[in-house]
Amino acid sequence: MPHRYLHRVTLNDDLQVAEIDLSGLRLDTSGEVNALYDAIEAALAESGEELWFFVINYSDFRIDSDAWYTHHRRGKALNLGHSMGTVRFDMSEETQRQIERTAETESFDPNLFADRDGALARVAELPSKRRAKVVHDMGYSYAEFAKRISFDGAAEIMNVDFSNFVFHHSADVNAFYDHIEARLEETAVRWFFLINYEGCRIFEEAWVAYARRGKRLNERWSMGSVRYAPGSETEETIRMRAESQQFRPNIRNTREEALARIDEMKSEMAEH
């Protein structure tokens, strides 16, 4: 599916800047917000570089109150996973007057500017973290991953046990998904994925990588994925991202209900 907002994302690797152009944009639903952030994440993934300064043009940007929560959640995950600093600019007269009023007070926001040049000048003052390359220690062994993956050949199911597992950051995500991909490569066939999320926690810093790796895994190896016992926060984020990515979240409360859904999916496939 093409990302309809991809033209609003411009990457300048020399400046280490990701420019997000929200000017004149009106987002009325959480689905539209998710589509915007999907495009941003896709552009960053294509670049192969995790860390960027964000320069965001908010001129005449409007977002409906019903979509603000999704905007907050996706924005927080994006910033924690990829931002070395975020600077905003808004070329409206109202913002210009606000900056002039507050420039001499403690409430002045040093990362809000009246034009793009001011925002880029501010970015030039911020320290880059790229050369230091933030390296996260992987908190798990491959033996831990191995015991959480099993295959039921007769049922065509790969069992993925994320129960009581914590994805702290992208290193945990990439290590676990590298292991899953290697195991699937050994089988050389597609499977139905049955995923146990009971007690699983995915930190905001890990969500961007988790969504990217999960999508790639499903496109290559899955005949259908069903999740069960995800927990309120994880379930909420999965459903939120499903709005714009055109997949059914297939979330069930119990393993038995999840297996029943897989049987339904097999019947649906047999009819076509």
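Now for a description of the structure that goes with this document. Just so it is clear, the structure is predicted and the values come from calculations on it, not from any experiment.

**A closer look at the overall build of the protein chain**
Looking only at helices and strands, the protein chain features nine helices and 14 strands. Taken over 272 residues, the protein chain has a buried fraction of 49%. Excluding contacts between residues fewer than 6 apart, the proportion of contacts in the protein chain whose partners are at least 24 apart in sequence is 79%. Total accessible area on the protein chain is roughly 14200 Å²; 48% of this is exposed by carbon and sulfur atoms.

**Some details on the pairing of strand β1 (residues 9–12)**
Where β1 meets strand β2 (residues 17–21), four bridges bridge the pair, whose relative direction is antiparallel. Paired with Thr-10 across the two strands is Glu-19, which belongs to β2. Once β1 ends, the chain turns through four residues before running back antiparallel as β2, passing Gln-16 with a positive phi of about 60°.

**What to know about the pairing of strand β4 (residues 52–57)**
Counted residue by residue, β4 has six buried out of six residues, so it is predominantly covered. Going residue by residue along β4, you find Trp-52, Phe-54 and Ile-56 tucked away on one face and Phe-53, Val-55 and Asn-57 tucked away on the opposite face as well. In this sheet, β4 lies alongside β2 in parallel orientation, the contact comprising five bridges. Pairing of Ala-18 across the sheet is with Phe-54, part of β4.

**Some remarks on the sheet that holds β4**
Pairing is mixed in the open sheet, where five strands are placed in the order β1-β2-β4-β6-β7. Strand pairing shows two members of the sheet lacking a second neighbour, β1 and β7 (112–113), which therefore form its edges. Strand direction decides the pairing type here: strand β6 (residues 83–89) and β7, joined by two bridges, are parallel. Bridging from a neighbouring strand, Phe-89 pairs with Phe-113 of β7. Packed on one face of the sheet, helix α1 (residues 30–47) meets β1, β2 and β4 and runs near 25° to β1. Helix α2 (residues 68–82) rests against β4 and β6 of the sheet, and its axis sits at about 130° to β6.

**Some words on α2**
Its 15 residues place the ends of α2 21 Å apart at the C-alpha level, agreeing with the 21 Å of an ideal helix rising 1.5 Å per residue. Listed as buried for α2 are Thr-70, His-71, Arg-73, Arg-74, Gly-75, Ala-77, Leu-78, Gly-81 and His-82.

**Topic: unusual backbone geometry**
Notably, Gln-16 is not glycine yet its phi reads approximately 60°, a positive angle. Overall, the relative accessible area of 11% leaves Gln-16 in the buried class. The backbone of Asn-164 sits at a positive phi, close to 60°, despite the residue not being glycine. Within the fold, Asn-164 resides in the loop between β9 (157–161) and β10 (166–167).

About the thresholds
Residues numbered from 1 in each chain as written. Predicted model: local features only at pLDDT ≥ 70, side-chain atom pairs only at ≥ 80, totals over all residues. Heavy atoms only, no water. Helix = DSSP H or I, 4+ residues; strand = E, 2+ residues; numbered from the N terminus. Buried < 20%, exposed > 50% of the residue type's maximum accessible area, 1.4 Å probe, protein only. Contact = heavy atoms within 4.5 Å. Areas by Shrake-Rupley, 256 points an atom, 1.4 Å probe, with all protein chains shown as cover. Pairing = 2+ DSSP bridges. Axes fitted to C-alpha atoms, helices over the stretch in contact; angles between N-to-C directions. Expected span 1.5 Å × (residues − 1).

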